[in-house]
Amino acid sequence: TKQSLLLLTTMTILTQGAVTASPAGTAGKPSARTPGSPAQPPQATSWSKDAAEALLAELRDEPELAETKYRAALALANKQVDKKGSLNCLNRLADLLERNGKLPEAAELQEKALTLAETSFSKSSPQYAEELAFQAAFYARKGESGKARELLDQATAILAGSESKFPLAMAACYKATGRRQISEGTFGLADDSFQKALSLEESVLKANDAELISTLREYADLLLKLDRKDDSNKLKERIRQAKAELSLALTGNSGGSSAAPGKSTFAKAFEDAQNADKLGVPEKAIAAWKLVIQEGEKNDSESRLPYAYVHLGDLYSGQKQKDEAEMLYRKGLSLREKNGKDNTLGMARNLKRLSAACLASGKIQEAESLTSKALSIEQKCGADNKIIGSTLQSLLSLNMSNKHNAQAEQTAKQLLEVSTSQQGVLASTNKNMATAMLGSIYMQSGRMDEGMRLMKSMANQAQTRTDPSETAAAFKSVFADIEKQVDESELK
């Protein structure tokens, strides 16, 4: 029923806690221009930092902020007389404006970029050829195929088709060709063009480079038109991963931490981060836990590093930055497995946090699998019934969402058994949830008498309903107690 589903959703939120990949390119290969958005945060005086922040704003669907940042990056690159930087910023800003319907200014910026490439590098340079290709892509998107072909012919004549010497310029030509083919309705040919462009860019650019991400976005849209949803989603996942990595790189703490006498730098940073939590200012806490991770990653055998990953993930989750949170949860999980710490309450919590992150991004099957693993670990660890009951609630909700009725029946029976050893609101809520789900499953599978009996018992229990605020307060208290228990087991 709708009431049961609402109850499941409420309890999942209360019990799961706060919730709110892409191969890197190969270094050392020739490039005709300066790639944008570096993987590590650049110096504050560099135009690259503003450009990287602009890209992150783009990926977060904040076009106005992205435009402001690109303009700042362009001004700084011009001031520093960094010709390649200016070209990069002109191209990124023009692309952003074009996608947001500001075509006249986008065209003006592309003309400026072409003129800059000519005066700075000459008309026979790969930089000039690349700018011709960018202009060709612009006209192709407008549907002016003839103009696009003319510009592409000029570009390819300069490059002589040399992918090994000019991979990025040739990638730009392939993308422009792909856009033209899309405008002409030849999607199969466009698929081949974008494959070539992506392959060349991957050989040179870092995973979170602006141009590579732009290609991934366009190619993902094309794959949807070709009814290749799975392939499109894989590219979108790479974009999400790049966004998370870029966000983490840009929000790193630039300050240092001097260790107190008798304490390691990691231990001091960890203590400072715990104190930062008490201030209730998320930005300061995030910066502090970033420093913990920075110190811990110097020696990934540090036993508290996975805890730091999960804790920072929770902070990002609370700021609605779910991609960053998911990546941190996965890092914590991977390190626990590597260090052989995969049968602990900390591991179970890590699994449940990642499950909640997957649920938030629509990966319900993976969320169910992760929660099932967490339950198995908790049972092996002899966790108390508050922890077991909380996980069973989440697992039952996921079983039902995935229509895995056989598993849901077993989970509901376990939750019903756990409820008999509990008291108060916790016991009644768990019992009602398990009974309602069992009754529904029985009736769906033709066991009408059993189902009706359970539903009747639910109706009788409904006469003594608990105040919703009392139920919420009870589960909030349970969650806090569970967190305390797991913290103590991890930090002892």
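Above: the structure in question.
We now turn to the structure provided with this report. Small disclaimer: the values here were computed from a predicted structure and weren't measured.

Calculation notes
- Residues numbered from 1 in each chain as written.
- Predicted model: local features only at pLDDT ≥ 70, side-chain atom pairs only at ≥ 80, totals over all residues.
- Heavy atoms only, no water.
- Helix = DSSP H or I, 4+ residues; strand = E, 2+ residues; numbered from the N terminus.
- Buried < 20%, exposed > 50% of the residue type's maximum accessible area, 1.4 Å probe, protein only.
- Areas by Shrake-Rupley, 256 points an atom, 1.4 Å probe, with all protein chains shown as cover.
- Expected span 1.5 Å × (residues − 1).
- Phe/Tyr/Trp six-rings, centres within 6.5 Å; stacked < 30°, edge-to-face > 60°.
- Core = buried A, V, L, I, M, F, W, Y, C linked by side-chain atoms within 4.5 Å.
- Contact = heavy atoms within 4.5 Å.
- 1 Å grid on protein atoms, 1.4 Å probe; cavity = no way out; pocket = protein on both sides within 12 Å on 5 of 7 lines; lining within 4 Å.
- Points joined across faces, edges and corners; volume = space filled by probe spheres on them.
- Polar contact = N/O pair within 3.5 Å; in protein donor to acceptor, adjacent residues only side chain to side chain.
- Axes fitted to C-alpha atoms, helices over the stretch in contact; angles between N-to-C directions.
- Parallel < 35°, antiparallel > 145°, perpendicular 65-115°, else oblique.
- Left-handed = near helix turned anticlockwise from the far one by under 90°.
- Nonpolar A, V, L, I, M, F, W, Y, C, P; charged D, E, K, R; others polar.

### Quick word on the overall build of the protein chain
When you go through the protein chain residue by residue, the secondary structure sums to 22 helices and zero strands. When the 492 residues of the protein chain are sorted by exposure, 50% land in the buried category. Carbon and sulfur atoms make up 52% of the accessible area of the protein chain, which amounts to about 22,600 Å² in all.

### Notes on helix 18 (residues 385-401)
Along an α-helix, residues three or four positions apart point the same way, because every turn accommodates 3.6 residues. Helix length check: helix 18 (17 residues) gives 24 Å between terminal C-alpha atoms against 24 Å at 1.5 Å per residue, within 8%. In terms of burial, helix 18 is largely enclosed, as 14 of its 17 residues are buried. After helix 18 finishes, the residue lysine 403 shows a positive phi value of roughly 60°.

### Some details on the packing of aromatic side chains
The full count for this structure, using the stated rule, is six aromatic pairs. Here phenylalanine 138 and tyrosine 139 contribute two aromatic rings whose centre-to-centre distance is 5.6 Å and whose plane-to-plane angle is 75°, an arrangement assigned as edge-to-face. Like phenylalanine 138, the residue tyrosine 139 is buried in the burial classification. Ring centres of phenylalanine 266 and phenylalanine 270 lie 5.9 Å apart, and the angle between their planes is 40°; this geometry places the pair in the tilted category. With phenylalanine 266 and phenylalanine 270 both in helix 12 (residues 265-279), this residue pair falls four residues apart, about one helical turn. A residue is classified by how much of its surface remains accessible, and phenylalanine 270, at 2% relative accessible area, is buried. Three or more aromatic residues joined by ring pairs form one cluster here, namely Phe266, Phe270, Trp289 and Tyr307.

### Observations concerning the nonpolar core
Formed by 69 residues in total, the largest nonpolar core has its most connected members in Leu55, Tyr219 and Leu235. It is helix 6 (residues 126-141) that provides the largest number of residues to this core, a total of 10 residues. Contacts of leucine 235, omitting those with residues within four sequence positions, involve Leu198, Leu216, Tyr219, Ala220 and Leu223. By size, the runner-up hydrophobic cluster in this structure holds 39 residues, among which are Ala244, Ala273, Leu315 and Leu354.

### Let's talk about empty space enclosed by the protein
Quantified by volume, the largest cavity comes out at close to 180 Å³. Around the largest cavity, the lining comprises 17 residues; the ones closest to its centre are Asp95, Phe134, Ala137, Arg179 and Glu211. Contributing elements (two or more residues each) for the lining of the largest cavity: helix 4 (83-99), helix 6, helix 8 (167-183) and helix 10 (210-225). For the lining of the largest cavity, the element with the highest residue contribution is helix 4, accounting for five residues.

### Regarding the environment of glycine 161
Looking at where glycine 161 falls in the secondary structure, it is placed in the loop between helix 7 (145-159) and helix 8. Separated by 12 residues in the primary sequence, glycine 161 and cysteine 173 have C-alpha atoms spaced 9.6 Å apart.

### Regarding helix 2 (residues 47-59)
Taking 1.5 Å per residue, 13 residues should reach 18 Å; helix 2 reaches 19 Å between its end C-alpha atoms and fits that length. Among the 13 residues of helix 2, 12 are classified as buried, and the element is accordingly described as predominantly covered. Residues Trp47, Ser48, Asp50, Ala51, Ala52, Glu53, Ala54, Leu55, Leu56, Ala57, Glu58 and Leu59 constitute the buried set of helix 2. Contacts from the buried residues of helix 2 go to helix 3 (63-79), helix 4, helix 10 and helix 11 (229-250). Between the side-chain oxygen at the start of helix 2 and the backbone nitrogen of serine 48 there is a gap of 3.0 Å, and the oxygen is on serine 46. Phi turns positive one or two residues past the end of helix 2, at aspartate 61, with a value near 60°.

### Focus: the packing of helix 17 (residues 364-381) against helix 18
Viewed as axis vectors pointing N to C, helix 17 and helix 18 meet at an angle of 155°, and their least axial separation amounts to 9 Å. What the angle tells us is that helix 17 and helix 18 run roughly antiparallel. Classified by chirality, the crossing of helix 18 by helix 17 is left-handed. Seen from helix 17, the contacting residues are Ile364, Ala367, Glu368, Thr371, Ser372, Leu375, Glu378 and Gln379; seen from helix 18, they are Ile387, Ile388, Thr391, Leu392, Ser394, Leu395, Leu398, Asn399 and Ser401. Looking at side-chain class alone, the contact of helix 17 with helix 18 contains eight nonpolar, seven polar and two charged residues.

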